[in-house]
Amino acid sequence: MFLTASELSRFASRYRANLMNTISGYKSANLIGTRSVEGINNLAIFNSVLHMGSKPPLLGLLFRPLTVRRDTYENIKSTGYFTVNAVDKTIFRQAHQTAAKYAQDTSEFEATGLTEKFIDGIPAPFVKESPIQLGCAYENEYPIAENGTLLVLGAIKTIEFQDTMLQTDGSLALNRAEIVSSVGLDGYALPTLLERLHYAKPDIPTRSLEDGTQEN
Ligand SMILES: Cc1cc2nc3c(=O)[nH]c(=O)nc-3n(C[C@H](O)[C@H](O)[C@H](O)COP(=O)(O)O)c2cc1C
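Conventions used here
Residues numbered from 1 in each chain as written. Predicted model: local features only at pLDDT ≥ 70, side-chain atom pairs only at ≥ 80, totals over all residues. Heavy atoms only, no water. Pairing = 2+ DSSP bridges. Helix = DSSP H or I, 4+ residues; strand = E, 2+ residues; numbered from the N terminus. Axes fitted to C-alpha atoms, helices over the stretch in contact; angles between N-to-C directions. Near = heavy atom within 4 Å. Polar contact = N/O pair within 3.5 Å; in protein donor to acceptor, adjacent residues only side chain to side chain. Areas by Shrake-Rupley, 256 points an atom, 1.4 Å probe, with all protein chains shown as cover. Nonpolar A, V, L, I, M, F, W, Y, C, P; charged D, E, K, R; others polar. Core = buried A, V, L, I, M, F, W, Y, C linked by side-chain atoms within 4.5 Å. Buried < 20%, exposed > 50% of the residue type's maximum accessible area, 1.4 Å probe, protein only. Contact = heavy atoms within 4.5 Å.

A. A look at the sheet that holds strand S4 (residues 49–54). Spatial strand order, S3-S2-S6-S9-S10-S5-S4: 7 strands in an open sheet with antiparallel pairing. At either end of the open sheet lies a strand with only one pairing partner, and these are strand S3 (41–46) and S4. Direction aside, neighbouring strands of the sheet carry axes that sit 35° apart on average. As paired strands, strand S2 (residues 30–35) and strand S6 (residues 81–86) are joined by 4 bridges and run antiparallel to one another. In the sheet register, Leu 31 faces S6, and the bridge partner there is Asn 85.

Laid out in structure tokens, this is it:
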């Protein structure tokens with residue numbers, strides 16, 4: 001099938017949204033934990049958590065237009081903190097359910113049965129069941145003028161993950177914790193790692209990274 005932008009614009013909006021939400025590929029699936037100033041804990045699934053650089057460690061969250069109440073954004077702005085919790089095979093159904101429009105005074109933790117966890121210095125709830133838990137502080141935000149979405153940048157303040165995932169070069173074997181990826185707005189997949197490859201150089205053929213050590 002070949003489509004131009006003008007043909008795309010004539011599709012029914014849900015159909016177009018489904019197409020555009022899947023066409024750029026698999027995404028990560030994370031639960032964003034926040035707490036309101038009134039002390040209500042909130043949890044929302046996001047598939048737009050972006051790696052924005054490691055020095056300093058920064059993450060981006062892309063928010064849909066703030067035309068309706070968005071508890072996650074309000075809580076991040078009022079408390080300055082949020083958590084990012086990876087979704088694994090055991091919790092993806094509960095994670096999906098957090099997308100439902102619960103009342104502002106309803107905690108998605110209670111609604112879904114996921115367990116909240118707190119650590120010193122991060123006034124936002126982590127998801128106890130999650131294999132990777134990041135504590136983040138609000139840094140800045142950048143409105144995307146073209147469509148009203150908002151990119152919120154957070155600085156990573158704490159990281160906690162299952163020890164068994166850590167590899168000798170510092171990377172995490174996400175498959176060992178059965179972390180899922182997100183397909184569009186309703187699919188969850190368990191990816192299979194085909195191979196890790198050496199850092200690419202113009203004069204050296206592609207090589208498998210069999211010993212798990214990357215030499216840059
Ligand atoms: C798979 C999936 C991924 C989603 N990703 C995002 C996202 O990246 N950004 C966003 O603003 N909303 C996203 N949503 C929608 C939010 O989860 C939903 O609006 C949620 O109710 C927000 O909760 P809140 O009002 O407590 O912030 C996603 C929903 C699903 C099902």
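B. Quick look at the site of the ligand. Around the ligand, 21 residues are found, and the nearest of them are Asn 42, Ile 45, Ser 48, Leu 62 and Thr 72. Leu 62 is positioned such that a nitrogen or oxygen atom in its backbone is 2.9 Å from a nitrogen atom of the ligand. Contacts to the ligand include Arg 64, whose backbone N or O atom sits 3.0 Å from an oxygen atom. Relative to its unbound accessible surface of 640 Å², the ligand loses 93% to contact with the protein. Among the secondary structure elements, those contributing two or more residues to the shell around the ligand are S3, strand S5 (57–63) and helix H3 (71–79). Ranked by residues supplied to the shell around the ligand, first place goes to S3 with 4 residues. Residue composition of the shell around the ligand, by class: 9 nonpolar, 7 polar and 5 charged.

C. Seen up close, the nonpolar core. Counting 20 residues, the largest nonpolar core has Ile 32, Val 49, Leu 61, Phe 63, Phe 82 and Val 84 as the members making the most contacts within it. Elements with a contribution of two residues or more to this core: S3, S5, H3, S6, strand S9 (132–143) and strand S10 (150–161). Once residues lying within four places of it in the same chain are set aside, the contact partners of Val 49 are Ser 28, Asn 30, Ile 32, Leu 59, Gly 60, Leu 61 and Val 84. In this structure, Leu 31, Leu 43, Val 87 and Val 180 belong to the second largest nonpolar core, which totals 11 residues.

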